[in-house]
Amino acid sequence: DGMNVLFIVVDDLRPVLGCYGDRLVKSPNIDQLASQSVVFSNAYAQQAVCAPSRVSFLTGRRPDTTRLYDFYSYWRVHAGNYSTMPQYFKQNGYVTLSVGKVFHPGISSNYSDDYPHSWSIPPFHPSAEKYENAKTCRGKDGKLYANLVCPVDVSEMPSGTLPDIQSTQEAIRLLNVMKSSKQKFFLAVGYHKPHIPLRYPQEFLKLYPLENITLAPDPWVPEKLPSVAYNPWTDIRQRDDVKALNVSFPYGPLPDDFQRQIRQSYYAAVSYLDTQVGLLLNALDDVGLSSSTIVVFTADHGWSLGEHGEWAKYSNFDVATRVPLMFYVPGMTTSSVSRGERVFPYIDPFSHVSSVAPQGQSKKAVELVSLFSTLAELAGLQIPPSCPETSFHVALCTEGTSIVRYFNASKEKVEDETDGCDDTYGYCNEEPVAFSQYPRPADTPQWNSDKPKLKDIRIMGYSMCTINYRYTVWVRFNPNNFSADFEDVHAGELYMVETDPNQDYNIYNNSLHGVFFQKIRG
């Protein structure tokens, strides 16, 4: 019989994890999952903001096909009646279950998380979620604030809990129900942290003494960064603690000591998340389903931690678009697991020392839009057909090809990274490319640059990257007919990975890039 699927998606998590080579962060449970998985080190979201990214990977269509670049439309009404990944599993006999933030709530999922199309029972949302943006952070003066940096005493929180704790408890309850039901399931669990506010149990700060926290390696706005590419982090400016700093718009910068506090709290929130993932995977062991369940772990996009003088998501840089992505497939990424064998014993981050090496790593550039076809193939379902060039009328098709073909390559000691490609830029037809995009209302940073509404979008930044480069063009966009005009290029960016891994030195204006331009407009 086919495998179950446990699909874990995290809000705003960039790959600051031990298994991705981060030496500071403590993520022993996710690292343990990685040690039994194929890990993709160059995986990218299609747009670095929650609703467009999630609708894209859950439908297997790019934002230009879902026509969702903001939060304010439902694809089935606004674009086409596209089947989703959980809907496809449901139609193939799976019980599909949603816990926490899987679809972005609100208009973009019809105020129902796309129930009943996608899910067998109504999705679960933690009751404590409604306090996320409330004044629950105690300041030095003893008063409560709605801060960005917000370590808390959980016992003082409304209901004495936090949303992700509730989501883990519900997911574990559902695993126990499914264990006795003997039906195949697709269980999606969406965690909130490290999304802002950085509100997590305060004990996790102990893992990250402030003296160990550095600034970003490039905390300045790059000299040749086109102003249209910059995201002015308006969401964090609205938090009480950031507001009190009175930093100038749009470039800031934030004071160094506060930058370090944000970075410290982001890491602490990641370790808190890791404990929740650890408890969930430990429960998969407890119910005896680790031998028959595929586990996917990813995020909707990354989050800038001061790189390029930027914070939050809302850009085309790697720090905003790159995500963790790993697949645990019993008998495929690991030797076969006998029923009842413990694969994921819980690891306490406070007592854990060393981390484990990933089982297999693929450096291929891959995209979240490929998740739908990849999971269908892994579960032994028929892979949905590739979409035709225009697919608004096609209910079931995907724009992302399955990446299962890369799973075995990752076990080879030396991967032929360039696929036999030897021209100047390492550019060739076979080389995998990941596409992302981001809309802007104007050529210069505005208050709505991070999250422009559809009617205000005037420019679209189309970006493509391989393991060798990132190339971005910012072109005129007409929101009335969803058309991009590649004859009207407002700005461009080109970064070479080998010489400029942090993407600080834009060489667009002093290089020939016709070959990239043809590929991106195609």
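The structure presented is a predicted model; accordingly, all values stated were derived computationally and were not measured.

Undergrad: Mind showing me how you'd approach the overall build of the protein chain here?
TA: Secondary structure summary: the protein chain contains 12 helices and 17 strands in total. Relative to the compact-globule value of 24 Å for 522 residues, the protein chain shows a C-alpha radius of gyration of 22 Å, a close match. Projected onto the principal axes, the alpha-carbon positions of the protein chain cover approximately 60 × 60 × 45 Å. Burial analysis of the protein chain (522 residues in total) assigns 62% to the buried set. Put simply, 75% of the contacts in the protein chain that link residues at least 6 apart link residues at least 24 apart. Here the protein chain displays about 19,700 Å² of accessible surface, and carbon together with sulfur accounts for 50% of that area. With 46 positive and 57 negative side-chain charges, the protein chain shows a separation of 6 Å between the mean positions of the two kinds.

Undergrad: Please clarify how the pattern of salt bridges should be interpreted in this entry.
TA: Between side chains of opposite charge, a pair can form when the charged atoms approach closely. The final tally for this structure, using the stated rule, is 20 salt bridges. In this structure, the salt-bridge partner of Arg-342 is Asp-286, at a minimum N-O distance of 2.8 Å. Residue Arg-342 is found in the loop between β12 (322-328) and β13 (360-367), and its partner Asp-286 is found in helix α9 (residues 256-286); the two are separated by 56 residues along the sequence. The partner of Arg-476 in a salt bridge is Asp-485, with the nearest N and O atoms 3.0 Å apart. Owing to a relative accessible area of 23%, Asp-485 belongs among the partly exposed residues under this scheme. Via salt bridges that share partners, Asp-11, Arg-54, Lys-101 and Asp-300 belong to a single interconnected network.

Undergrad: Mind showing me how you'd approach the pairing of strand β15 (residues 459-465) here?
TA: Along a regular strand, successive side chains alternate from one face of the sheet to the other. A large share of β15 lies buried, amounting to 7 of its 7 residues. Of the two faces of β15, both are covered, the one formed by Ile-459, Gly-461, Ser-463 and Cys-465 as well as the one formed by Met-460, Tyr-462 and Met-464. Sheet topology places β15 next to strand β16 (residues 469-478); 7 bridges connect them, and they run antiparallel. Bridged to Tyr-462 within β16 is Val-473. A loop of 3 residues connects β15 with β16, the two strands running antiparallel in sequence.

Undergrad: Can you help me understand the pairing of β12 in this one?
TA: Of all 7 residues that make up β12, 6 are buried, and the element is covered over most of its length. Here strand β2 (residues 38-44) runs beside β12; their pairing, made up of 5 bridges, is antiparallel. The residue of β12 that forms the bridge with Val-38 is Phe-327.

Undergrad: Mind showing me how you'd approach the packing of aromatic side chains here?
TA: Aromatic ring pairs are defined here through the distance separating the ring centres and the angle between the ring planes. Inspection of the entire model under this criterion finds 26 aromatic pairs. Seen from their ring centres, Phe-204 and Tyr-272 are 5.9 Å apart, and the 55° between their planes marks the pair as tilted. Residue Phe-204 is found in the loop between β8 (198-201) and α7 (234-237), and its partner Tyr-272 is found in helix α9; the two are separated by 68 residues along the sequence. Accessibility classification places Phe-204 together with Tyr-272 in one group, the buried group. Chaining the aromatic ring pairs together yields one cluster made of Phe-7, Phe-57, Phe-89, Tyr-94 and Phe-186. A cation over a ring is seen here: Arg-61 above Tyr-82, with NZ or CZ 3.8 Å from the ring centre. In this arrangement the basic side chain of Arg-405 is found over the ring face of Tyr-406, its NZ or CZ atom lying 4.4 Å from the centre.

Undergrad: Would you mind going over the sheet that holds β15 with me for this structure?
TA: Strands belonging to one sheet form pairs held by backbone hydrogen bonds; the direction of such a pair is parallel or antiparallel. Ordered by their spatial adjacency, 4 strands build an open sheet running β14-β15-β16-β17, and the pairing between neighbours is antiparallel. Of all the strands in the sheet, just β14 (434-440) and β17 (483-496) have a single pairing partner and so form its edges. Recorded for the sheet is a direction-independent mean angle of 20° between the axes of neighbouring strands. Inspection of the sheet shows β16 paired to β17 by 10 bridges, in the antiparallel sense. Its bridge partner being in β17, Val-475 is matched across the sheet by Val-489.

Undergrad: Any chance you could explain helix α12 (residues 514-521) here in plain terms?
TA: Taken as a whole, α12 has its buried residues at Phe-516, Phe-517 and Ile-520. Projected down its long axis, α12 carries its buried residues within an arc of 100°, all on one side. Packing partners of the buried residues in α12 comprise β14, β15, β16 and β17.

Undergrad: Help me out: how do you make sense of the side chain of Ser-291 in this one?
TA: In this structure, Ser-291 sits in the loop between α9 and β9 (293-299). The exposure class assigned to Ser-291 is buried, which follows from its relative accessible area of 17%. Beyond its immediate stretch of four places on either side in the chain, Ser-291 contacts Met-3, Pro-330, Val-337, Ser-338 and Arg-339.

Undergrad: Explain the state of the cysteines here, please?
TA: Each disulfide consists of one covalent bond between the sulfur atoms belonging to two cysteines. This model, assessed by the stated rule, comprises 2 disulfides. Covalently, Cys-137 is tied to Cys-150 through a disulfide, its sulfur atoms 2.2 Å apart. What sets the handedness of the Cys-137 and Cys-150 disulfide is the S-S torsion sign, and at about -100° it is left-handed. You can see Cys-137 sitting in strand β4 (residues 137-138) and its partner Cys-150 sitting in strand β6 (residues 149-152), a full 13 residues away along the chain.

What counts and how
Residues numbered from 1 in each chain as written. Predicted model: local features only at pLDDT ≥ 70, side-chain atom pairs only at ≥ 80, totals over all residues. Heavy atoms only, no water. Helix = DSSP H or I, 4+ residues; strand = E, 2+ residues; numbered from the N terminus. Rg over C-alpha atoms; globule rule 2.2 N^0.38 Å. Buried < 20%, exposed > 50% of the residue type's maximum accessible area, 1.4 Å probe, protein only. Contact = heavy atoms within 4.5 Å. Areas by Shrake-Rupley, 256 points an atom, 1.4 Å probe, with all protein chains shown as cover. Lys, Arg positive; Asp, Glu negative; His and termini not counted. Charge placed at Lys NZ, Arg CZ, Asp CG, Glu CD. Salt bridge = Lys/Arg side-chain N within 4 Å of Asp/Glu carboxyl O. Pairing = 2+ DSSP bridges. Phe/Tyr/Trp six-rings, centres within 6.5 Å; stacked < 30°, edge-to-face > 60°. Lys NZ or Arg CZ within 6 Å of the ring centre and 35° of its normal. Axes fitted to C-alpha atoms, helices over the stretch in contact; angles between N-to-C directions. Arc of directions from axis to C-beta. Disulfide = S-S within 2.5 Å.

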